[in-house]
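The primary structure of each chain is shown beneath.
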Amino acid sequence: MSKKRGYALSTGAFLIITVIVVMFITLVPLLFLLYQTVFTPEYAGHAARFTLKNYGDVFSDPATLMVLKNSTEFAFGSSILAIIMGGAMAWVTERTHTPGRQWMYLVNMVPLILPGILTTMAWVFLLSPKIGLVNLVVMKLFFLEEAPFNVYSMGGMIWIQGLHWAPFAFITLAGTFRAMNPDLEEAATVSGAGIWNSLRLVTLPLNLPAILSLFLILIVRGLENFVVPAVIGIPAGIDVFTSRIYEAVTKSYPTNLGLASTYSVVLMIVTGVGLALYYMATKESSSFATITGKGYRARLMDVGRWRYLTFGIYVLYVSLAILLPLVILLWVSITPYSMAIKGANFKFATLHNYREVLDYPGVISSMVNTLYLSVVASLIIVLLGIMISFIVVKMKLKGGRILDVLGTMPLTFPGTVVGVALATLYLRLPIGIYGTAWILLIAFVTRFLPYGVRAANSSLLQVHAELEEAAAMSGASVVRTLIMITLPVVLSSMVGTFIYVMTLVIREFPSVILLYGPESRVISVQLFEMWEAASFNQCSALGVMMILFLSALALLMRRFQTKES
Amino acid sequence: MLKLVNLYKEFKTDETEVKAVNQISFDVPEGKFFTLLGPSGCGKTTTLRCIAGLERPSAGRIYIDEQMVSGGDYFMPPDKRNIGMVFQSYAIWPHMDVFANVAFPLRVGKTGYSKKEIEEKVLYALHTVQLDGLEKRSATKLSGGQQQRLALARALVRQPKLLLLDEPLSNLDAALREHMRVELRQLQQRLGITTVYVTHDQLEALALSDLIAVMHDGVIEQLGSPQEIYQKPASKFIAGFIGNTNWLEGKVKSCEPDKSVTVETIMGDVSSLVTNPCKAGDKVMLSIRPEAIEVTMTAPQNGNFSQARVESAMFLGEYIDCFLRIGEQTLRAKTHPQLLLQPGNQVYVKILAEYCVALAS
Amino acid sequence: MFGLRGYKIGKMVFSVCLVGMALCAWVAFAFAAPSGIEQLANYKGKDREQVLVEGAKKEGALSVYSATNARDSRPVVDGFQKKYPFVKVNLFAGTGESVSTRLLMEQKGRKYTADTFNGILKDVEKVRREGFLLPFYTPAQDIYNKKFLDPKRNWMPIYFTVLTFVYNTNEIKDPPRTWQDLLDPKWKGKLAVEDTDEVWLINFTKMWGEAKAKDYFTRLGKQDLKIVHGHSVQQQMLIAGEISSTATQYLHQAIADKKTGAPINFVIMDPMIAQPNGIALMNSAPHPHAALLFIDYVTSKEGQALMYARGRNVAYPGMEPILNEANLLIDDPGLSMDNFKYWQDMFKDLLITPNKRR
């Protein structure tokens, strides 16, 4: 009897703790945001007054519709591009015999830590109609008069953002394909389906929840992206939502948090619609359990002669998405100022920028801080994500869906809003964590919890109920089952999630800028300051150093892994 | 119908080379049920997958219905081979209903079937496996046995020339397994379809097959009918693998021209069958099936017999599983259930020559 | 006189008042600025440095909130620490937006960590309007050029960010000499504009009057301007040759880039806009002695020399020749902050919107 009570207690405690933590993390910024939308700014002797003017301003402004259209086009276009590229690569890597597969994970993981400003600038240097390297080369080769590519366009924006996120799409989808039972595709092949039909009729429908999940995440990132619209959009005359929010927060006096929040609310409505569509589309997928606890040896489709084509696609993708920008950054990092890449200029090569970077106050400590924070934050996010998904997917409680929505909701919060909300809250509370690493941790968990939840959802959906039922039959409580059965099975597919959440944390900027303190500086802040104060060349040097460091780490991990297996 | 010539497949990993299938050749006549039997890792699944085209052989040739599907540089991809295959996990597509699962091969193939034709064929296939009436059901809502039959229906809907089955019964419970065994055999005989079956369960192999190839470490150790394999195993491994057996050491006394041999053992002289050529003085191991041992309470009239003491006896309903001790040796025997054996009883043990095989030591 | 009942009521009222006063005192004590700092802030005695040093020794620490980037802030802080090793300095350096926003949030949240704050005047003014600054005296006020100083003594200028015409020497062979030159049709398509430089419009209006300024900018807006966002981006584009020239780029940055060999040059225009970067004293400074000592140091010859060495256009008389010789428009953001949206809209209408590509 007491054992049963023990189970009920631990289950109850588990539920309560998870729910409370999630509610605290997700509802605080939301409520703060909504609260702000109906107030005028509070400043110098003027108290904040209740007003609906903010909503009036936003909805009566004729430009709002145009801005919404631009934002949506940008977000959708780049997401689709990222998924097509990343997804194609993921399938080729996990499902075919193409040579060089084993390097793809490594190669894709590395550029993930590059901040947007660096890759965007690199693409300007490649595709600018005036100075772009690609344009110059193509014009010379084909004797063209005019540059064929103009980066200052919606197409250019979509291209940059799409390529920037393609590695992320790759890692997500590769993990999904890996976890899938390869029998299902082989059965299709044996039944007469060629590669294309097998992909279209079996692989894609089965992986739809994961793909949609990814799509949603990419759309949100596209909607809240600020760098690409600033560097490319403004010269191109393309305004997006984030520019409005940014203006309201930084350029107005007094800081019009109310207006910024109202714009944010509109953004959130759009993403909320996306979220609702996602839920509708994935209703049926609870029956797509394909992991049955039998280990899969990866089985690869023999594509025969086509593997030369797929290898070619590999090379193309890696060059475009990864190598080209890196080459530019590398070149910029070894030159004292930005100059064209040609033989004559090689004499200017110097390591001066690297020395300057290492001398720059705070660089080393911010690297250490960032590493530490990203590991801890990712751990928390993965575990919390699994806990939430477990409650939602496996325990099938009535209010489960709500928890899922709560956990996914922070996706819709623009980064700046999270920063402002947390700063305001913790300045008021007597807990002295403002300006320390703890508040940064909370910010990261708030921002990226949805990634953990969605990834855990996809993983857990695939775990067959039998595994857990077997545990239940042997008398294991909910918590026990979670820890001893579900967790180990799901953990391997969550390793990918852990890694890319780490890179998201490393790259995170808008929420961090308001919360960091002198002891808790992180690399994104560091880079931002250097960007404002120093030069692109030095920032590139920092970027290259980050890449080298991460590559070394990844290679080390790989050696460690192969030794174990 | 199916012909393999010197099939060779190796897998290269970072450190080692694994010869999964090492020079295998056999012929499967049309309409026969052919089983690849062996323990895990013996290469039977790899062989099956080579036949299906899911693995590319390193060397050797495969012919299906006189046509070469793999050999030298030529390799026909699996989707062109027009075979039916049932996977161990069934590989039912969860996002389609029963009808769609079975109709899939008809819809994706080169031959365009009309909607009516598809419907006819699917319903017929479902009827063949006794899944009528379940067309609209979601594939995930089927029981294990139903899923297995669905997989079978899908494999048969195109009426292929060759049916491949990869341990299809291993996921079922014991009762269902037995039932399906019978059904499967009957179905195969009714359809007359050439079948290659892979299993590690020797009982299944013996029950279902026309021909069995016992595989071990990538080679076929013996190929023959179930009776041959069971009664005249060609090696120690086969004898041990197929059913239970007792081992008795001995020395050949004489070799008779009718392929029987007299072996000197601690039980006295024992006559036995022999599968390999031998001469007097050879050291052999006698493989004695439990059912080859006659146990009586009173001394038999003729033949070689010994006295033994009962160590343990388990009543299993159909027979008694008992352990008998003769000197240093323990023999396991199966006796008639009505024999009331108790531990400590003194009994008489006679070995029936036609069920013993002498194998090289 | 009031009887027993009155006596009891009186006692009650008196106790309540006592408690109330105690409460008020507590609140005042807990949340108000430490008293006595005002006197110190205006101390003009000959032994000023001694007094400050004594106090700073007891305080032992200092929090500097600087909107000047860390690389340029560090040398001054290090110099200060070398001279006064008993003060441990916590430097919180960043961009104007982040530091000023943080400062305001903290002060409003009653977290009084900052001792001094330095940034562009717009940010200093924001903080002042919230009542967080304390006017102060520092010896440098007696030496500096009067027109650089704040009459209300809320801040002292450390350096100026000067905006001027900067161009790529590969693209432009004949730079302009006056602002009017830019209206010449030959500049069509060769000029870039940073989309947050309303300060240009505001100060030229102050100089020329609204009519002339509006006319100038309307005509300039028709010159096929390239729109850029962010001075750093603009800088990179200039060097790379993506844009040919700009009317408002940081002079000190242009000088530094020219030194590294980049194809950059600048023109000392008449006039140029100078945005002061001022240092101010927080009225809730937890280490007032150290704070004033620091302000004295930063504005002294020694401190200013360190900033000059970083390439900044410093305020110390005679140290930065450009400030002496050039005709400067000192930007006073206080005038335009309240109707900033008016200027923002005008800037957008005249310069940005006519040049949008879509």
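In this text, all values refer to a predicted model and were calculated from it rather than measured experimentally.

(A) Focus on the overall build of chain C. Within chain C, the regular secondary structure consists of 15 helices and 11 strands. Counting over 358 residues, chain C shows a buried share of 45%. Put simply, 80% of the contacts in chain C that link residues at least 6 apart link residues at least 24 apart.

(B) Looking closely at the overall build of chain A. Each helix and strand counted, chain A has 23 helices and 0 strands in total. Here chain A, with 565 residues, has 53% of them falling under the buried criterion. Partitioning the intrachain contacts of chain A with sequence separation of at least 6 by distance along the chain shows that 78% fall at a separation of at least 24.

(C) A look at the arrangement of the chains. With 2 pairs of chains in contact overall, the contact-richest pair is chains A and C. Nothing in chain B touches chain C, and the closest approach of their C-alpha atoms is 46 Å.

(D) Region of the structure containing the nonpolar core. Core analysis: the largest hydrophobic core is formed by 357 residues, its most contacted members being Ala169(A), Ala153(B), Leu164(B), Leu281(C) and Phe294(C). No other element matches the 15 residues that helix H7 (residues 154–179) of chain A contributes to this core. Not counting chain neighbours up to four residues away, the residues in contact with Leu164(B) comprise Leu48(B), Ile51(B), Ala52(B), Ile83(B), Gly84(B), Met85(B) and Val196(B).

(E) Summary view of the sheet that holds strand S17 (residues 305–315) of chain B. Residues and elements named next belong to chain B. Taken in spatial order, the 5 strands line up as S16-S20-S17-S18-S19 in an open sheet, and their pairing is antiparallel. Where the open sheet ends on each side, the last strands, each with one partner, are strand S16 (293–296) and strand S19 (329–335). Taken pair by pair, the neighbouring strands of this sheet meet at an average axis angle of 40°, ignoring direction. As paired strands, S16 and strand S20 (residues 346–351) are joined by 4 bridges and run antiparallel to one another. Residue Glu294 lies in a different strand from S20, and its bridge partner there is Lys350.

(F) Structural detail: the interface of chain B and chain A. Tallying the contact residues gives 23 residues for chain B and 21 residues for chain A. In terms of residues, the side of chain B that touches chain A owes the most to one element, helix H2 (residues 98–108) of chain B, which gives 3 residues. Its residues assigned to classes, the side of chain B that touches chain A shows 14 nonpolar, 5 polar and 4 charged.

(G) Fine view of the domain arrangement of chain C. All names here are of chain C. Segmenting chain C into domains produces domain 1 (37–158 + 277–319) and domain 2 (161–274 + 337–355). Its C-alpha centre places domain 1 at a distance of 31 Å from the equivalent point of domain 2. The residue inventory of the side of domain 1 that touches domain 2, partitioned by class, reads 1 nonpolar, 3 polar and 3 charged.

(H) Highlighting the interface of chain A and chain C. Each side of the interface is counted separately: chain A has 38 residues, and chain C has 43 residues. Within the residue set of the side of chain A that touches chain C, elements represented by two or more residues are helix H5 (116–127), helix H11 (227–236), helix H12 (241–251), helix H18 (415–428) and helix H22 (523–533) of chain A. Sorting elements by how many residues they give to the side of chain A that touches chain C places H11(A) first, with 5 residues. Split by residue class, the side of chain A that touches chain C holds 26 nonpolar, 7 polar and 5 charged.

(I) Region of interest: the domain arrangement of chain A. All names here are of chain A. Splitting chain A by domain gives domain 1 (1–31 + 350–534) and domain 2 (66–254 + 303–335). In this complex, domain 1 contributes 24 residues to the contact, which on the side of domain 2 involves 20 residues. Within the residue set of the side of domain 1 that touches domain 2, elements represented by two or more residues are H18, helix H19 (437–462), helix H21 (478–507) and H22. Here the side of domain 1 that touches domain 2 gets 7 residues from one element, more than from any other, and that element is H21. Here the residues of the side of domain 1 that touches domain 2 sort into 10 nonpolar, 12 polar and 2 charged.

(J) Inspection of the sheet that holds strand S9 (residues 194–199) of chain B at higher detail. Residue and element names in this part refer to chain B. Taken together, the 6 strands give an open sheet; going across it, the order is S7-S8-S9-S3-S10-S11, and neighbouring strands pair in mixed fashion. Of all strands in the sheet, those with a lone pairing partner are strand S7 (84–86) and strand S11 (219–224), marking the two edges. Along the sheet, successive strands turn relative to each other by an average axial angle of 15°, direction set aside. Along the sheet face, helix H4 (residues 144–156) touches S7 and strand S8 (162–166) and points at about 165° away from the line of S7.

(K) Up close: the environment of Leu371(A). Residues and elements named next belong to chain A. Mapped onto the fold, Leu371 is located in helix H16 (residues 363–394). Taking the C-beta count within 10 Å as the criterion, Leu371 has 17 such neighbours and is therefore assigned partly exposed. Between the alpha carbons of Leu371 and Ile506 there is a distance of 7.7 Å; along the sequence they are 135 residues apart.

(L) Structural context of the pairing of strand S2 (residues 88–93) of chain C. Where strand S1 (residues 61–66) of chain C and S2(C) come together, 6 bridges link them in parallel fashion. Bridge pairing in S2(C) links Tyr65(C) to Phe92(C).

(M) Summary view of the packing of helix H8 (residues 198–208) of chain C against helix H9 (residues 210–220) of chain C. Residue and element names in this part refer to chain C. Where H8 contacts H9, the two axes come as close as 7 Å, and the packing angle between them is 135°. In terms of their interaxial angle, H8 and H9 are classed as oblique. For the crossing formed where H8 meets H9, the hand is right-handed. Here Leu201, Phe204, Thr205 and Trp208 of H8 come into contact with H9, specifically with Glu210, Lys212, Ala213, Tyr216 and Phe217. Along the lines of polarity and charge, the residues of the contact of H8 with H9 split into 6 nonpolar, 1 polar and 2 charged.

(N) Structural view of the pairing of strand S7 (residues 245–250) of chain C. Residues and elements named next belong to chain C. The buried fraction of S7 amounts to 6 of the 6 residues, a majority that puts the element mostly inside the structure. As judged from the 4 bridges shared by strand S4 (residues 155–168) and S7, these two strands associate in the antiparallel manner. Each residue of the ladder has a partner; that of Leu163, found in S7, is Tyr250. Relative to S7, strand S5 (residues 191–194) is paired through 2 bridges, and the arrangement is parallel. From the neighbouring strand, Leu191 faces S7, where its bridge partner is Ser245.

(O) Quick look at the environment of Ser89(B). Following the sequence through the fold, Ser89(B) ends up in the loop between S7 and H2. Considering only alpha carbons, one finds Ser89(B) and Gly144(B), 55 residues apart in sequence, at a separation of 9.9 Å.

(P) Structural context of the confidence of the model for chain A. All names here are of chain A. Residue-level pLDDT values for chain A average 80, and 86% of them are 70 or greater. Considering each helix and strand of chain A separately, the mean pLDDT is smallest for helix H20 (residues 465–473), with a value of 63, and largest for helix H3 (residues 63–95), with 90. Every residue in residues 289–296 is under pLDDT 50, and counting partners more than four places away or in other chains gives 21 contacts.

(Q) Highlighting unusual backbone geometry. Between Asp270(C) and the following residue, Pro271(C), the backbone shows a cis peptide bond with an omega angle of -5°. Mapped onto the elements of the fold, Pro271(C) is located in the loop between strand S8 (264–267) and strand S9 (272–281). Of note in the backbone geometry, Tyr90(B) takes a positive phi value of approximately 70° without being a glycine. With respect to the helices, strands and loops of the structure, Tyr90(B) is situated in the loop between S7 and H2.

Conventions used here
- Residues numbered from 1 in each chain as written.
- Chains lettered and ligands numbered in written order.
- Predicted model: local features only at pLDDT ≥ 70, side-chain atom pairs only at ≥ 80, totals over all residues.
- Helix = DSSP H or I, 4+ residues; strand = E, 2+ residues; numbered from the N terminus.
- Buried ≥ 20, exposed ≤ 12 C-beta atoms within 10 Å, placed from the backbone.
- Contact = placed C-beta atoms within 7 Å.
- Core = buried A, V, L, I, M, F, W, Y, C linked by C-beta atoms within 7 Å.
- Pairing = 2+ DSSP bridges.
- Axes fitted to C-alpha atoms, helices over the stretch in contact; angles between N-to-C directions.
- Nonpolar A, V, L, I, M, F, W, Y, C, P; charged D, E, K, R; others polar.
- Domains from an automatic or database assignment.
- Parallel < 35°, antiparallel > 145°, perpendicular 65-115°, else oblique.
- Left-handed = near helix turned anticlockwise from the far one by under 90°.
- pLDDT = per-residue confidence, 0-100.

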